[in-house]
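Topology and contacts: notes
Residues per chain, in single letters:
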Amino acid sequence: MASSALEEGTEAQHRASLEKQKAIDAWLPVTSSRNAKWYYSAFHNVTAMVGAGVLSLPLAMAQLGWGPGIVVLVLSWMITLYTLWQMVEMHEMVPGKRFDRYHELGQHALGEKLGLWIVVPQQLVVEVGVGIVYMVTGGRSLQKICNTVSSNCKSIKTTYFIMIFASVHFFLSQLPNFNSISGVSLCAAIMSLSYSMIAFGASLEKGKQPDVQYGYKSSTPQGTFFDFVSALGNVAFAYAGHNVVLEIQATIPSTPEKPSKKPMWKGVIVAYSIVAFCYFSVAIAGYWAFGNSVEDNILVSLNKPAWLIVAANAFVVIHVIGSYQIYSMAVFDMMETVLVKKLNFKPTITLRLVSRTLYVAFTMFIAVTFPFFGGLLGFFGGFAFAPTTYFVSHEHLASLSFITTNSKQKVST
């Protein structure tokens, strides 16, 4: 009797624990809604990838040169599409389990602790780094609009424009999950395509400048080398987006008959077609028109006509608003998971309000302190975007394949 009562008590505790876990998952941003369509994947991926990085690609071409520049752009497109396919396939590689978060995949492949320590720091550097860079980008674009429209704006520091840009995110950051920002993401994807085409068309309209030069900027081998490395970082930044792929796929419904990888991959193909169109056109046309005198933001090199520059920078502002939210949603999920599961805070609106507001304030503070657009792209691209985008997913696949093979062998024996 005592043994039976103990078993019933243990079972009741287990059920209560499962119910509590389900309630938490229903509250967390990544797992709270799983009714996304395939086209959500398309514009989420376009928003995450075709960001401010595309505007620095003409400078990357200038630092690499015609031949190496085109080779790097094409190889990056092919390699990152392949690693993105791997991520999509690995989302449900283990039967009955979904890897809803990038670090969950890393933990399964590399071990509970080792995977966490290898993947999470790099993922946070990428996602927080994007937030900081987009704060700077949004502020600078607002400043460019103001300076173009009125000469009175020139006395206003970039700091204030960054703060104005950040004020929008104090409100948008309270949207609960990925699906709730789908409208923002769609607008952002349309804007990214729009300003890319403005940069492309305006560069062609400007034409090849009379004093254009295609040689390397630096006159020393050391300078040329560092420019080359910086350009690789800029390209890596431009092709980022893998860090939120699993989180995006987690919002798509999945059954054994209709796994989520099919609609997800359909959206990825559409997104990558748009990526290729935007990246190659902007990079080649911008470098062709301005040569090695091109700015780190191609829109800065395009001073006229005024209305076109205002429109392009307005599109940039709208886009980076959406892109900031895409990357931040993954950070919000990490923060809230730790607060609720590890620190035992109650999953409430107040917790979400405080934690997300503090995060937005943090990225704003860092952006105000270090408003170096080009330098930030190169640093974050080289430090963390390349590992998480180009080869970490390949290591995950190799580890998971090894684990799956061993599991099948054990079952068969």
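What comes next concerns the included structure. (Residues numbered from 1 in each chain as written. Predicted model: local features only at pLDDT ≥ 70, side-chain atom pairs only at ≥ 80, totals over all residues. Heavy atoms only, no water.)

**Looking at the overall build of the protein chain**
The number of helices and strands found in the protein chain is 15 helices and zero strands. Per-residue burial over the protein chain gives 51% buried out of 413 residues. When the accessible surface of the protein chain is summed, it comes to about 18600 Å², and 68% of that surface belongs to carbon and sulfur atoms. (Helix = DSSP H or I, 4+ residues; strand = E, 2+ residues; numbered from the N terminus. Buried < 20%, exposed > 50% of the residue type's maximum accessible area, 1.4 Å probe, protein only. Areas by Shrake-Rupley, 256 points an atom, 1.4 Å probe, with all protein chains shown as cover.)

**Section: the packing of helix α7 (residues 158-172) against helix α13 (residues 306-342)**
Where α7 meets α13, the axes come as close as 11 Å, and the angle between the chain directions of the two elements is 45°. When the axes of α7 and α13 are compared, the pair comes out oblique. Viewed along their axes, α7 and α13 form a crossing whose handedness is right-handed. Taken together, the residues of α13 that come into contact with α7 (itself represented by F165, V168, H169 and L172) are V317, V320, I321, Y324 and Q325. Looking at the contact of α7 with α13, its residues break down into seven nonpolar, two polar and no charged. (Axes fitted to C-alpha atoms, helices over the stretch in contact; angles between N-to-C directions. Parallel < 35°, antiparallel > 145°, perpendicular 65-115°, else oblique. Left-handed = near helix turned anticlockwise from the far one by under 90°. Contact = heavy atoms within 4.5 Å. Nonpolar A, V, L, I, M, F, W, Y, C, P; charged D, E, K, R; others polar.)

**Section: empty space enclosed by the protein**
The full count for this structure, using the stated rule, is one cavity of 30 Å³ or more. Approximately 40 Å³ is the volume attributed to the largest cavity. Together, A48, M49, G53, V130, Y134, F237, A238, A240 and Y327 line the largest cavity. Secondary-structure elements contributing two or more residues to the lining of the largest cavity are α2 (38-49), α6 (112-149) and α9 (221-238). Of the residues assigned to the lining of the largest cavity, the class counts are eight nonpolar, one polar and no charged. (1 Å grid on protein atoms, 1.4 Å probe; cavity = no way out; pocket = protein on both sides within 12 Å on 5 of 7 lines; lining within 4 Å. Points joined across faces, edges and corners; volume = space filled by probe spheres on them.)

**Remarks on the side chain of S281**
Among the secondary structure elements, S281 is positioned in helix α11 (residues 261-290). Separated by 2.6 Å, the side chain of S281 and the backbone oxygen of F277 make a polar contact. Setting aside residues up to four positions removed in sequence, S281 forms contacts with M197, F200 and A276. (Polar contact = N/O pair within 3.5 Å; in protein donor to acceptor, adjacent residues only side chain to side chain.)

**Things to note about a nonpolar patch on the surface**
On the surface, W66, I70, V71, V74, L75, M78, I79, L204, I284 and W288 cluster together to form a nonpolar patch covering roughly 810 Å² of accessible area. Of all the elements in the fold, those that place two or more residues in the nonpolar patch are α4 (66-90) and α11. Looking at the element boundaries, W66 is found in helix α4. The class for W66 is partly exposed, based on a relative accessible area of 31%. (Patch = residues over 30% accessible without salt bridge, like charges linked within 9 Å, V, L, I, M, F, W, Y side chains within 5 Å. Salt bridge = Lys/Arg side-chain N within 4 Å of Asp/Glu carboxyl O.)

**Quick word on the pattern of salt bridges**
When the charged atoms of two side chains with opposite charge come close together, those side chains can pair. Scanning the entire structure with this criterion turns up seven salt bridges. For the salt bridge of R101 with D333, the shortest nitrogen-to-oxygen distance reads 2.4 Å. With R101 in the loop between α4 and α5 (102-110) and D333 in helix α13, this residue pair connects regions lying 232 residues apart in the sequence. Each member of the pair, R101 as well as D333, carries the same accessibility label: buried. Salt-bridge contacts for R352 lead to E336; the nearest nitrogen and oxygen are separated by 3.5 Å. Pair noted here: R352 is in helix α14 (residues 349-369) and E336 is in helix α13, with a separation of 16 residues, a long-range link.

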